[in-house]
Protein chains: 2
Amino acid sequence: MITKVGILGYGNLGRGVEEAVKRNEDQVLKAVYTRRDPASIKINTPGAEVKSVSELDSGHEDIEVLIICGGSATDLPEMTPKYAALYSVIDSFDTHANIPQHFANVDKAAKNAGTTALISCGWDPGMFSLNRVYAHSVLPDGRDYTFWGRGVSQGHSDAIRRIEGVKDARQYTVPIEAALDKVRSGSNPELTTREKHLRECWVVAEENADKARIEEEIKTMPNYFADYDTTVNFISEEELKRDHAGLPHGGSVIYTGATGDGSNKHVIEYSLKLDSNPEFTGSVLAAYARAVDRLNKEDRFGCITVLDVAPAYLSPLSPEEQRAHLL
Amino acid sequence: MITKVGILGYGNLGRGVEEAVKRNEDQVLKAVYTRRDPASIKINTPGAEVKSVSELDSGHEDIEVLIICGGSATDLPEMTPKYAALYSVIDSFDTHANIPQHFANVDKAAKNAGTTALISCGWDPGMFSLNRVYAHSVLPDGRDYTFWGRGVSQGHSDAIRRIEGVKDARQYTVPIEAALDKVRSGSNPELTTREKHLRECWVVAEENADKARIEEEIKTMPNYFADYDTTVNFISEEELKRDHAGLPHGGSVIYTGATGDGSNKHVIEYSLKLDSNPEFTGSVLAAYARAVDRLNKEDRFGCITVLDVAPAYLSPLSPEEQRAHLL
């Protein structure tokens, strides 16, 4: 079975999905939909079209799953319910506090339309969520810890770029080894925000900018940096391009639990080390596009998450092949 | 919903399942079924009965899921199809090469009877299988490696005990750090059996036994030891009891894959560090008993594996709670 895929939005994530679809022999990219001028965009897939996002409104585009690559703040809350009323869709909505509301909105649209809509896909939420649910279910007496990094936080990099006198910036989130070790020991520590992660900033300042003020503004920025130990390094534009061009990321979900009389401890750890955050996230979205297409053809309508999808639905292999080679 | 559970077999694994059921507030152990004299067995759950295995034959025992804790060599190929014709069941069948045949036998029995039967549950096959399928599905261009240990292999310990002059023995499977490092580097190495794991043996010899002969017999034993670097240590019975009483185990599934033009590498690692292999395996079986009961009530009849179960089915939490707290 070949799944016809559309991608909405052609930023880093959209390009990551495109690369992933190329590597999936049972998927074909039909079109990239954009809010920009389609003529201004050159994509990487021979045979696929670039179209205006307005083309989707007919509901008659020749796609089976639309992968929506927009931002969680303003794009997805509007886009996902809108397009779930027309196509089966996937998004990577990651504003944890608003997931219940987003789920309800998308569920209503998808159930009415007979589509299947999977929200909050990627690695966190996504692969990390799976591991939290598996671990809590297997060992009910336990606790999960999530660490992120070492990796580039695009939200934090953007926050630095908005400071006056900053030309460009890259922020790395770095898990603190001592905290990881404490968690892995099974001692179930209470850890503050500051004890779990460091924030490491690489900043290109404009000529004659007041670096001391920039550093102070970064370190005291509420929500983003004030609760962390933050280091600020000023570098040249060339150094930023040379040493910080990639978008690596990763992290770990560590779960420690007890069994029997409580004296037997167990540590479950799932970790990711990713050279490219958008390419890996795009790969997760593409794998779940396979599942969404299958579930839709089984009349599983409405909103779902990764927690509702049996692993077998993600694989291009038959159930027999999976049992023979991967079980 | 409360699930009424039966346990067939009261060895290490059966006791591990019993402890896990106790910690699951939505499960109650109704009875342990045994091939031994029920009067000879004292269990750990007030209110649960110990019964002869023959009581199961009526098909009228008051249980919703029977967790079959038998051996893969001779017990399970016979027991699981037999009892799947009467009850929803779970087993931990782990003879990889025979899974397709076992699946077919159990599937036929369960479909005819309207029961749900989950085979090959535990951590390998089981949690490790899930991680192989997820990783291959997300990153089709990649490769998985499985390492076991450091931990006690009961099969290998038994093999040593069968040697003349051996009173008792404990064998640890130990992953080789250099191999782990090579795999984690993403270099996709080809590794021989000998390069992946060591075998470490702790042996209590009978008085006047020929230790040199025992060591030679261990190290040259085909399938079990001949393909590995094996160390043999003779110790006293007291030392064995003092230092090697537990059944720890664990291991890692490491997957390395590429995206984009192939230059971006990703490492996915799932690892377990378990103080008690049977208690952890029992915990996995108990969590899947929850899923089997739910799936049976949704008329999902026949044989399934962990690959066919959506993670949400394993959790005692409602879908809303899972989305709010674990997604």
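No experiment lies behind these values; they were computed from the predicted model shown.

Regarding the overall build of chain A
Scanning chain A from terminus to terminus reveals 11 helices and 14 strands. Taken over C-alpha atoms, the radius of gyration comes to 22 Å for chain A, in line with the 20 Å a tight globule of 327 residues would show. Each principal axis of the C-alpha distribution contributes one length, and for chain A these read about 65 × 55 × 35 Å. Counting all 327 residues of chain A, 57% fall into the buried class. Distance between charge centres in chain A, computed from 36 positive and 49 negative side chains, equals 1 Å.

Considering the nonpolar core
Within soluble globular proteins, side chains that are nonpolar generally end up buried alongside one another. In terms of nonpolar packing, the biggest core is built from 148 residues, with L66 and Y288 of chain A together with L66 and Y288 of chain B touching the most fellow members. Y288 of chain A has contacts with I90, L118, C121, L130, V306, V309 and L314 of chain A together with Y134 of chain B, leaving out every residue within four places of it along the chain.

A look at the packing of helix α4 (residues 127–138) of chain A against helix α4 (residues 127–138) of chain B
Where α4 of chain A meets α4 of chain B, the closest approach of the two axes is 13 Å, and the angle between their N-to-C directions is 170°. Accordingly, the angle class assigned to the pair α4 of chain A and α4 of chain B is roughly antiparallel. Residue-level contacts link M127, L130, N131, Y134 and V138 of chain A of α4 of chain A to M127, L130, N131, Y134 and V138 of chain B of α4 of chain B. For the contact of α4 of chain A with α4 of chain B, the class distribution of residues is 8 nonpolar, 2 polar and no charged.

Some words on the interface of chain A and chain B
Facing the 63 residues of chain A at the interface are 63 residues of chain B. Together chain A and chain B conceal approximately 5500 Å² of surface at their shared face, both sides included; 61% is due to carbon and sulfur atoms. Linking chain A with chain B are 2 salt bridges. Across the pair D141 of chain A and R23 of chain B runs a salt bridge whose closest N-O atoms are separated by 2.1 Å. Taken together, the links from chain A to chain B amount to 31 residue pairs in polar contact (both at pLDDT 80 or more).

Points about helix α2 (residues 75–84) of chain B
All names here are of chain B. By the criterion of burial, α2 is predominantly enclosed, with 7 of the 10 residues buried. Looking at α2, one finds that the buried residues are D75, L76, M79, T80, P81, Y83 and A84. For α2, the elements touching its buried residues are β1 (3–8), β4 (65–68), β5 (88–90), α3 (99–113) and β6 (116–118).

Considering the domain arrangement of chain A
Residue and element names in this part refer to chain A. Domain annotation of chain A identifies domain 1 (3–124 + 278–325) and domain 2 (127–275). Across the boundary between the two partners, domain 1 contributes 12 residues, which contact 15 residues of domain 2. Taken together, both faces of the contact between domain 1 and domain 2 bury some 1100 Å²; the carbon and sulfur share is 68%. Summed over the three residues of domain 1 that lose the most area to domain 2, namely W123, D124 and F280, the buried surface amounts to 52% of that side.

Quick word on the sheet that holds strand β14 (residues 302–304) of chain B
All names here are of chain B. Strand order in the open sheet made by the 7 strands is β3-β2-β1-β4-β5-β6-β14, with parallel pairing throughout. For this open sheet the edge positions go to β3 (49–52) and β14, each flanked by a neighbour on one side alone. Taken over all neighbouring pairs, the strand axes of this sheet differ in orientation by 25° on average, direction set aside. Pairing of β4 with β5 involves 3 bridges; the strand directions are parallel. Along β5, the bridge assignment pairs L66 with V89. Here α2 sits on the sheet and contacts β1, β4, β5 and β6; the angle it forms with β4, its principal contact strand, is near 175°. Relative to β5, helix α10 (residues 277–297) is tilted by about 155°, and along the sheet it contacts β1, β2 (27–34), β4, β5, β6 and β14.

Reading guide: rules and limits
- Residues numbered from 1 in each chain as written.
- Chains lettered and ligands numbered in written order.
- Predicted model: local features only at pLDDT ≥ 70, side-chain atom pairs only at ≥ 80, totals over all residues.
- Heavy atoms only, no water.
- Helix = DSSP H or I, 4+ residues; strand = E, 2+ residues; numbered from the N terminus.
- Rg over C-alpha atoms; globule rule 2.2 N^0.38 Å.
- Buried < 20%, exposed > 50% of the residue type's maximum accessible area, 1.4 Å probe, protein only.
- Lys, Arg positive; Asp, Glu negative; His and termini not counted.
- Charge placed at Lys NZ, Arg CZ, Asp CG, Glu CD.
- Core = buried A, V, L, I, M, F, W, Y, C linked by side-chain atoms within 4.5 Å.
- Contact = heavy atoms within 4.5 Å.
- Axes fitted to C-alpha atoms, helices over the stretch in contact; angles between N-to-C directions.
- Parallel < 35°, antiparallel > 145°, perpendicular 65-115°, else oblique.
- Nonpolar A, V, L, I, M, F, W, Y, C, P; charged D, E, K, R; others polar.
- Buried area = accessible area lost by both parts, 1.4 Å probe.
- Salt bridge = Lys/Arg side-chain N within 4 Å of Asp/Glu carboxyl O.
- Polar contact = N/O pair within 3.5 Å; in protein donor to acceptor, adjacent residues only side chain to side chain.
- Domains from an automatic or database assignment.
- Pairing = 2+ DSSP bridges.

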